[in-house]
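Take a look at the letters that make up each chain.
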Amino acid sequence: MDQKTLFPTDDPHHVSFQYGAPGEALMPTQVMATASEAFWRDNSNYTYLQYGPTLGDSEYRRHLAEFLSVRYADTVREERLALTGGATASFSNIITLFTTKKTRILVEDPTYFLALKVLQDHGFDPANFLSVPTDEHGLDVAQLVQMLDANKNSGFDSTDSSKYAFLLYMVPTYSNPTGRSTSLKRRNQLIQLARKHNVLIVCDDVYQLLPLAPSSVPPARLVSLDTADSALSESSFRGHVISNNSFSKIMAPGLRLGWIETHPSLLAHISRSGIMNSGGSPNHIVSGIITT
């Protein structure tokens, strides 16, 4: 029998704790059928069969900003969003565009195991990763300070302003696998450290909209803290946080649709990249259907 999903078994009654994916009862089949029919009934949507804008359709980004502003209880701006083909593909693209072979990789300990595999696919040796311990308050910032100080002269010498000396991968909210969230105090400390040591923090924020309890309110997103200071919003300021997110956890993984939120300076670099200029929006049609 042909395997129809990523999982070792396609039995809808089989529950595997290895994957963060919705069960059969949660799949939005009727919603997708209705949205798809309405989308293709609009003859003007023929444009979605064309290469899409590099950062995604403006209507998708506008509606996404409105949706996130409500769900985050925070202002999310369209010009700080870009469409992606899901969090994994986006993470791979981030590594390509913002690191060099001399970039040192920092990861939470413990962390999402497949993120390590994506980094390894880009030629980074897991044996050389700097593992930052965590506790009940999330990432141990004191330990991170020591690691950054010890490795600040590790040979990174890029003259390309788009490259970073360090890349920190973390799941700051409802972490996979611990379920913990990094405290607000530590998040503010991380922003200051990132600016001091030329660190790009990639936040795997796919659980930000999935509180462990209905009353749970997660700390402010790191990306909002990074861009909150109006004095740092000038065009000369370079962002240090990318919030990497996806519809995989809140709607359906097979959509392969997501978004990143970051400072416009980083989005501009992504927009100019070869992969975006060649292929355009990574999932133009599905973004149109979801927007519908």
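As a reminder, the structure under discussion sits directly above these lines.
All of these numbers come straight from a predicted model, not from anything done at the bench. (Residues numbered from 1 in each chain as written. Predicted model: local features only at pLDDT ≥ 70, side-chain atom pairs only at ≥ 80, totals over all residues. Heavy atoms only, no water.)

Let's talk about the pairing of strand β6 (residues 199-204)
Note the cut-off: The classification of residues rests on relative accessible area computed with a 1.4 Å probe and restricted to protein chains. Under 20% of the type maximum is buried, over 50% is exposed, and intermediate values are partly exposed. Note on conventions: DSSP H or I runs of at least 4 residues are helices, E runs of at least 2 residues are strands, and numbering of each starts at the N terminus. Strand pairing follows a simple DSSP-based rule, namely that at least 2 bridges must link the two strands. Crossover handedness is defined by viewing with both strands directed away from the observer: a clockwise path from the first strand over the helix to the second marks the crossover as right-handed.
For β6, the tally of buried residues reaches six of six residues, placing the bulk of the element in the interior. Here β6 shows two buried faces, one formed by Val-199, Ile-201 and Cys-203 and the other by Leu-200, Val-202 and Asp-204. Note: strand β5 (residues 166-170) against β6, five bridges, orientation parallel. Bridged to Leu-168 within β6 is Ile-201. This β-α-β element, β5 to helix α6 (residues 184-197) to β6, shows right-handed connectivity.

With respect to a nonpolar patch on the surface
Stated precisely, the cut-off is as follows: By definition, no residue in a patch forms a salt bridge, and every one has over 30% relative accessible area; like charges are joined within 9 Å, nonpolar side chains (Val, Leu, Ile, Met, Phe, Trp, Tyr) within 5 Å. To measure how exposed things are, a 1.4 Å probe is used in the Shrake-Rupley method; for residues, cover is taken only from the protein chains shown. By definition, a salt bridge exists where a carboxyl oxygen of Asp or Glu is found within 4 Å of a side-chain nitrogen of Lys or Arg.
Together, Phe-67, Leu-210 and Ile-250 make up a nonpolar patch on the protein surface, roughly 200 Å² of accessible area in all. Inspection of the secondary structure assignment puts Ile-250 in the loop between β7 (241-246) and β8 (258-262). Judged by relative accessible area, which is 30%, Ile-250 ranks as partly exposed.

So, the packing of aromatic side chains
The condition that has to hold: By convention, a stacked pair of Phe, Tyr or Trp rings (six-membered ring in the case of Trp) has centres within 6.5 Å and planes under 30 degrees apart, an edge-to-face pair has planes over 60 apart, and any other such pair is tilted.
Under the definition given, this model contains six aromatic pairs. Ring centres of Tyr-112 and Phe-113 lie 5.7 Å apart, and the angle between their planes is 70°; on these two criteria the pair is classed as edge-to-face. Relative to Trp-259, the ring of Phe-247 has its centre 5.2 Å away and its plane inclined at 65°; by these criteria the two rings are edge-to-face. In this pair, Phe-247 is assigned in the loop between β7 and β8 and Trp-259 in strand β8, connecting sequence segments twelve residues apart. An identical accessibility class is assigned to Phe-247 and Trp-259; each is buried.

Here's the deal with helix α10 (residues 284-291)
Rules: Contacts are assigned to residue pairs that have any heavy atoms within 4.5 Å of one another.
Judged by how many residues are buried, α10 sits mostly within the fold: six of eight residues are covered. On its buried face, α10 sits against α1 (29-41), α2 (58-72) and β1 (81-84).

Quick look at the packing of α1 against α10
Formally: The axes are straight lines fitted to the C-alpha atoms, using for helices just the contacting stretch, and the angles between their N-to-C directions are given from 0 to 180°. Any angle from 65 to 115 degrees is called roughly perpendicular, while one under 35 is roughly parallel, one over 145 is roughly antiparallel, and all others are oblique. Residues are grouped as follows: nonpolar covers Ala, Val, Leu, Ile, Met, Phe, Trp, Tyr, Cys and Pro; charged covers Asp, Glu, Lys and Arg; every other residue, Gly included, is treated as polar.
Here α1 crosses α10 at 105°, and the two axes come no closer than 8 Å. In terms of axis orientation, α1 runs roughly perpendicular to α10. Residues Met-32, Ala-35, Ser-36, Phe-39 and Trp-40 of α1 form the contact with α10, whose participating residues are Ile-285, Gly-288, Ile-289 and Ile-290. A per-class count over the contact of α1 with α10 returns seven nonpolar, two polar and no charged.

Looking at the environment of Thr-134
Which entries qualify depends on this criterion: Throughout this description, a polar contact denotes any pair of N or O atoms lying within 3.5 Å of each other; where both atoms belong to protein, one of them has to be capable of donating a hydrogen while the other can accept it, and for residues adjacent in sequence the pair is counted only when both atoms sit in side chains.
The topology assignment puts Thr-134 in strand β3 (residues 130-135). For Thr-134 and Val-199, which are 65 residues apart along the polypeptide, the C-alpha to C-alpha distance reads 18 Å. Not counting the four nearest positions on each side in its chain, Thr-134 is found in contact with Glu-108, Asp-109, Pro-110, Leu-139, Asp-140 and Arg-180. One polar contact links the side chain of Thr-134 to the main-chain carbonyl oxygen of Asp-109, over a distance of 3.1 Å.

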